[in-house]
Structure formats: structure tokens, C-alpha cells
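Listed below, chain by chain, are the residues.
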Amino acid sequence: MRHFWPELNDWLDRVPDSRFKPLVVYDKRFLIWWGLSLYLFQLSARRQLDFALDCRDSDILTNLNRLAKTKQETRPVHKTLHHFLGHTGVAPYSALRRQMLQRLIRSKALDAARLQGCFVVALDATGHVTFAEKHCEYCLVRCHETYTTYHHEILEAKLLGPADMVLSMATEFIENRDENLTLAAEARKQDCELKALSRLLPTLRHEYPQLRLCLSGDALYACGRMFQLAKDHHCNYVVVFKEGRMSAVWQEFQTLLGLCPRNRLEHRPADGVHQVYRWVHDLSYQDDEGRTWVFHAILCEETVNEQTTTFAWLTDLHVSKNTVVEVATKGGRHRWHVENQGFNRQKNSGLNLEHAFCTNPELLKAYYYLMQIAHLILQIFEAGSLLRRLAAECGRTPWQLFGGLANLARRLLESFRYRVLSEEAFDPDPTERIRYSFDTS
């Protein structure tokens, strides 16, 4: 975590001061670290800040002061954080996330995950919070047989890094902000994942103007809208290809596979796993707006324990015997990391993605950004060489030593409560060249 303190504290200095003067004045840097603690220690609910981080008979206050470079004499309550986030808005946290990720990119710590020189960016949407009653005018509405639910959903662009890391890169909130609000609710067209993509990609390219990107998505993105957006914003792509999506192209693909016998490669990535790759170059597709697209298609038949599973992708990357495995693996198969190491982890651990930390729709976004920043820090901590070194001293792997993610978060909290961390851990030399090392085994 120490590597990001200069960025964190620099951005926190730019957050506008609140317009009120409470009896106790809390430095904004301290309040942000207090908010990040909600997720770093996986406290699961905002109220737990008052209990798990109680400063009596503990070193919590000392350690948080060192993190924020402040001298607070008391700790705030969870309502103070809530009020503070209401005054700052979401912009500072989006910018902070970008600067932290840019530092990792500049340091070349993520280069091992590049695909033909591109960083792979997985696109996927997930549910954020759900209400039984209408929460705000921007809710997505889902009608069931006997009841109706109201949702807030999110489209994420996550950079797929080494060591199975999925680092939040850009976010677009899927919500019903129809321009013609004078129409009745049932007459408005609901926002959706593809509409959100049209807003997300311009933002992503604006924030990373020179970065080579390859978009990875499920079969929903195999369409003219995505191909046009990728072209407009200078991105390559690898998207899932299924029979029910672009069915005419799928039939052509199946026919041409038999006419390209040289486009075949057998691969054995692990014991008991046998993969057969086949591919076809230069398939043509005309979308519903009359635009013509040309791309390559890859088919992978994987056999494990006599069970065969078939995968297929469309891509505009170079495909040959030397590249097909890498394209299918890094660009196609690794997309699942956004579900497993990304959304599932955030939903089913103390990060608590689907928990409504408040009812204000704008504050919900601020808490969401704090969670993504904390998740980035936790992934760096978990995959970094320092944790591996600590476990090696005990003759174990990190997960043999801690048993799981929840135990790791609990031990991290215990360290902050009962041990004053050394000055050296909080005061890195700004001139020191820091080398990041991640476990990619």
C-alpha cells in the first residue's frame, strides 16, 4: 500500500474543503483513509467503522494518522464520512483510481499480461443495489409475475493484469437518465449495457489516450455498435462468438473450418487437458446499419476427463499458429477473471458490492469508487512479493498461512489495532525506484 500514498495524499489535498465547521475538524486525507478502511478491512457495513475501528486501547488512530500524515486526536463516526462524501462528489475518487493505475502501467508492473502489445480490458456489467420500492427517478425497472424490483447496475472496464488481477479502469453507471423526462415512465427506453458502452469507451480513451487496448467481452458485444466503437477509439477486440449471435456468420464459419485444414493447432496446457484450435481468417459481416466488418474467428475444443467443451471468439488481432493460443487465452478465456476475481469477490466478501451503504444515488457512486480503489490496493497486497516472502519464511504459501481472503483481512485489521507499524513503512523515499513483483505462477 505504501507505493500509492504519494498519489493518494496528493489528490486528497485537491478535494474541496467542506462548507461547514463542526466541533471537531477532520482532515480530508484522514477521512478518505477512514472510508477506505471500510473496504480494506472488509467491515461489510458502514456502521462497523464505529465498532471495529474503535480507538480505545488500540493503535488504530496512530496508524491511520501515519497513513494520512495527520495528527487527529479522535476518530470520526460513520455519519461524518457520509457527510464528507456528500460534499466531495465522485470526481476526485475517479481521478485517484486513474492515477494509481497509471502508476502501475508506467512502472511496467502489468506488462506480463499484454496481448500483442495491448492491455486486455474486460467489459462486463453487474448489479449494484436492488430495492423493492422505487428508489429514485433513475432506477432500472424489472417486472416479475407478482412483483416489481428497482435496480442500479454498473458497466465496468477492468484491466486484466498478471496474477489473475482485475483492476478497475473505467466505470459507467447504467441508469434511466432519459433526455425526455416529460414522457411517462413506461414510455421511456431503459438504459442498457450497450448504451452504457457508448458512454464508457470515449471516457476510457480520453483518460488513457496513448495506451494500446484490446477489448474483451461476452457474446453481447459481437455486434456492429461495438465494432464501430472499437474502431472510433482505436481499440482491438476479442469477443465471444456463439451460434445464436450473428447466425449467418456462424454458419459460414463452420463451413470454412473444413476448408482450412492448415489452420489447426493441438495444445496441452496441463496434465489431462487437450486443446484443439482451429481458425478462419477474414470473415465478413454486415450489420443492421449497412456497415461491413471483417474479422477472424477462433474455435477451441477442450477435452478434460473425456468431456469436451467448445469455445469460440471473434477478433481483429493477428491469428496464426504462433499467436492463436495467446489470443484465445489472454483475450478470451481470461475474461472470466472479471467475474471470479472481480464481481464475485466484491459481492461475496466483506467488500459487499451489493450492499446499499446509503440511499442517495450520488453517494452510492462515491462509496462504489472507494470500494474499487480499496480492491485495487488489496489485489496489489495479495499478489505482491512481500506477502509471498512472509509466507515463505514460515515454509508456506500465502493461502496456506492465512487460509483465505477473510482471514487475511482480519489479520490486517488486527495489525492496525494492536501493533504500531514502523515509521519506515509509512515514509517511503520519493526518490527510491520501486520495483513491483507479482506472483504469476
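Anything mentioned here points back to the structure above.
First, a word on scope: everything that follows refers to the structure included in this document. (Residues numbered from 1 in each chain as written. Predicted model: local features only at pLDDT ≥ 70, side-chain atom pairs only at ≥ 80, totals over all residues. Heavy atoms only, no water.)

In terms of regular secondary structure, the protein chain is built from 16 helices and 10 strands. Relative to its full complement of 441 residues, the protein chain shows a buried share of 52%. Within the protein chain, counting contacts between residues at least 6 apart in sequence, those at least 24 apart form 66% of the total. (Helix = DSSP H or I, 4+ residues; strand = E, 2+ residues; numbered from the N terminus. Buried < 20%, exposed > 50% of the residue type's maximum accessible area, 1.4 Å probe, protein only. Contact = heavy atoms within 4.5 Å.)

What follows deals with the pairing of strand E3 (residues 148-160). When you tally the buried positions in E3, you get 12 out of 13 residues, the bulk of the element. Examined bridge by bridge, strand E1 (residues 119-131) and E3 share 10 bridges and lie antiparallel to one another. Residue pairing across strands places Leu123 opposite Ala157, the latter belonging to E3. Two elements, strand E2 (residues 140-143) and E3, share four bridges in a ladder whose sense is antiparallel. Each bridged residue has a counterpart across the sheet, and for Arg142 the counterpart in E3 is Thr149. (Pairing = 2+ DSSP bridges.)

Examined against the element boundaries, Leu167 turns out to sit in strand E4 (residues 166-174). Relative accessible area serves as the criterion here: at 0%, Leu167 is assigned to the buried category. Residues Leu167 and Ala122, spaced 45 residues apart in sequence, show a C-alpha to C-alpha distance of 9.8 Å. Apart from residues no more than four positions distant in its own chain, Leu167 is found in contact with Leu101, Leu104, Leu110, Ala157, Lys158, Leu159, Leu376 and Gln379.

Here the focus is empty space enclosed by the protein. Within this structure, the stated rule accounts for three cavities of 30 Å³ or more. Taken as a whole, the largest cavity holds about 60 Å³ of empty space. Lining the largest cavity are His128, His152, Glu153, Phe173, Glu175, Pro361, Leu364 and Lys365. Those elements that provide at least two residues to the lining of the largest cavity are E3 and helix H12 (361-383). Sort the elements by how many residues they give to the lining of the largest cavity and H12 lands first, with three residues. When grouped by side-chain class, the residues that make up the lining of the largest cavity number three nonpolar, two polar and three charged. (1 Å grid on protein atoms, 1.4 Å probe; cavity = no way out; pocket = protein on both sides within 12 Å on 5 of 7 lines; lining within 4 Å. Points joined across faces, edges and corners; volume = space filled by probe spheres on them. Nonpolar A, V, L, I, M, F, W, Y, C, P; charged D, E, K, R; others polar.)

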